[in-house]
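Structural overview
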Amino acid sequence: NAGVMQNPRHLVRRRGQEARLRCSPMKGHSHVYWYRQLPEEGLKFMVYLQKENIIDESGMPKERFSAEFPKEGPSILRIQQVVRGDSAAYFCASSSSGGVKYEQYFGPGTRLTVT
Amino acid sequence: DQQVKQNSPSLSVQEGRISILNCDYTNSMFDYFLWYKKYPAEGPTFLISISSIKDKNEDGRFTVFLNKSAKHLSLHIVPSQPGDSAVYFCAASAGVAGNTPLVFGKGTRLSVIA
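Residues numbered from 1 in each chain as written. Chains lettered and ligands numbered in written order. Predicted model: local features only at pLDDT ≥ 70, side-chain atom pairs only at ≥ 80, totals over all residues. Heavy atoms only, no water.

A few points about the overall build of chain A
- Each helix and strand counted, chain A has zero helices and eleven strands in total.
- Counting from the amino terminus, chain A carries its helices and strands in the arrangement β-β-β-β-β-β-β-β-β-β-β.
- Relative to its length of 115 residues, chain A is compact, with a C-alpha radius of gyration of 14 Å against a globular reference of 13 Å.
- Summarising its shape, the C-alpha atoms of chain A cover approximately 40 × 25 × 25 Å along the three principal directions.
- Evaluated residue by residue, chain A yields a buried proportion of 43% over its 115 residues.
- In chain A, once contacts between residues fewer than 6 apart in sequence are set aside, the share between residues at least 24 apart is 52%.
- Just so you have it, chain A exposes about 5,900 Å², and 47% of that area is on carbon and sulfur atoms.
- Positive and negative side-chain charges in chain A, numbering 17 and 11 respectively, have mean positions lying 6 Å apart. (Helix = DSSP H or I, 4+ residues; strand = E, 2+ residues; numbered from the N terminus. Rg over C-alpha atoms; globule rule 2.2 N^0.38 Å. Buried < 20%, exposed > 50% of the residue type's maximum accessible area, 1.4 Å probe, protein only. Contact = heavy atoms within 4.5 Å. Areas by Shrake-Rupley, 256 points an atom, 1.4 Å probe, with all protein chains shown as cover. Lys, Arg positive; Asp, Glu negative; His and termini not counted. Charge placed at Lys NZ, Arg CZ, Asp CG, Glu CD.)

Okay, structure coming up:
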């Protein structure tokens, strides 16, 4: 399966714990995006990364949230000291490089539940 | 402030008939539009896209129409099939760079009745 991989698919954390979400892009893709979907809402952009670089983090909360895409390994979205409002589905997407618009392909998502 | 709006939360269509899903946008900088289909507990699946230099793009049973002056696009599915039942998201992007974040609407839930 050469699609976008995300793990875990489901994650339960107590308030105050840390959540780590992983994303492996499609083979050959070097651009990774993280989106969050709250219930009954559309997907909201959080952060856009290329290998070892954050390109755009305008959609990410300033505190508790961080993202990385190291030279080796998957992209990680990290949420520290989770609160109930962080409960949502987190989707990762990837795209290839180029000077024209490229479609983003999504992973199955990680459903985070904060108790 | 919602830049991409899908004003119909749901739509029911008879199998074999045409499904028309609508999307409006407010940001004149958007120059690329996409439709995604989403089943429960899965990620969105890319369906079809259109550049702002075109007014129509067709792929099999799916056609997207873009009316730039009205800032409106629509997705036509014909004929509709029960397997098309899903939530459909309209998305848009702006900027000259090839890779830019997408702005999504809230989605329209399509039910195709056999």
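There is more to say after this.
Considerations on the nonpolar core
All names here are of chain B.
- In this structure, F33, W35, L73, L75 and Y88 are the most contacted members of the largest nonpolar core, which totals 23 residues.
- Of all the elements in the fold, those that place two or more residues in this core are β3 (19-25), β4 (30-38), β5 (45-51), β7 (62-67), β8 (72-77), β9 (86-94) and β11 (108-113).
- Sorting elements by how many residues they give to this core places β9 first, with four residues. (Core = buried A, V, L, I, M, F, W, Y, C linked by side-chain atoms within 4.5 Å.)

Structural notes on the sheet that holds strand β8 (residues 75-79) of chain A
Residues and elements named next belong to chain A.
- Sheet architecture is open: four strands sit in the order β1-β3-β8-β7, paired in antiparallel fashion. Of all the strands in the sheet, just β1 (5-7) and β7 (65-68) have a single pairing partner and so form its edges. Neighbour-to-neighbour, the strand axes of the sheet open up by a mean angle of 15°, direction not taken into account.
- In terms of strand pairing, β7 meets β8 through four bridges, oriented antiparallel. Following the sheet pairing, E68 is matched in β8 by I76. (Pairing = 2+ DSSP bridges. Axes fitted to C-alpha atoms, helices over the stretch in contact; angles between N-to-C directions.)

Examining the interface of chain B and chain A
- Taken together, the contact pairs 25 residues of chain B with 28 residues of chain A.
- Together, the buried faces of chain B and chain A total about 1,900 Å²; carbon and sulfur atoms form 54% of this surface.
- Where chain B meets chain A, there are one salt bridge.
- The partner of E41 of chain A in a salt bridge is K106 of chain B, with the nearest N and O atoms 3.5 Å apart.
- The interface formed by chain B and chain A contains six residue pairs in polar contact (both at pLDDT 80 or more). (Buried area = accessible area lost by both parts, 1.4 Å probe. Salt bridge = Lys/Arg side-chain N within 4 Å of Asp/Glu carboxyl O. Polar contact = N/O pair within 3.5 Å; in protein donor to acceptor, adjacent residues only side chain to side chain.)

Focus on unusual backbone geometry
- Following N7 of chain A, the chain continues into P8 of chain A via a peptide bond in cis, with omega recorded as -5°.
- If you trace the backbone, P8 of chain A turns up in the loop between β1 and β2 (10-13).
- The omega angle of the peptide bond from V78 of chain B to P79 of chain B is -10°, so this bond is cis rather than trans.
- Positive phi values are uncommon outside glycine, yet E52 of chain A reaches one of about 65°.
- Structurally, E52 of chain A can be placed in the loop between β5 (43-50) and β6 (53-56).

Here we look at the sheet that holds β3 of chain B
All names here are of chain B.
- Spatial ordering of the open sheet is given by β1-β3-β8-β7-β6, a layout of five strands whose pairing is antiparallel. On the outer flanks of this sheet lie β1 (4-5) and β6 (56-59), each paired with one strand and no other.
- For β7 and β8, the ladder comprises six bridges, and the chain directions are antiparallel. Within β8, the residue paired with L66 across the bridge is L73.

Regarding the layout of surface pockets
- Its volume calculated, the largest pocket comes out at about 570 Å³.
- At the level of elements, β9 (88-95) of chain A together with β9 and β11 of chain B are the ones that each hand at least two residues to the lining of the largest pocket.
- If one sorts the elements of the lining of the largest pocket by residue count, β11 of chain B sits on top with four residues.
- In terms of residue class, the lining of the largest pocket is built from twelve nonpolar, six polar and six charged.
- Taken as a whole, the second largest pocket holds about 200 Å³ of empty space. (1 Å grid on protein atoms, 1.4 Å probe; cavity = no way out; pocket = protein on both sides within 12 Å on 5 of 7 lines; lining within 4 Å. Points joined across faces, edges and corners; volume = space filled by probe spheres on them. Nonpolar A, V, L, I, M, F, W, Y, C, P; charged D, E, K, R; others polar.)

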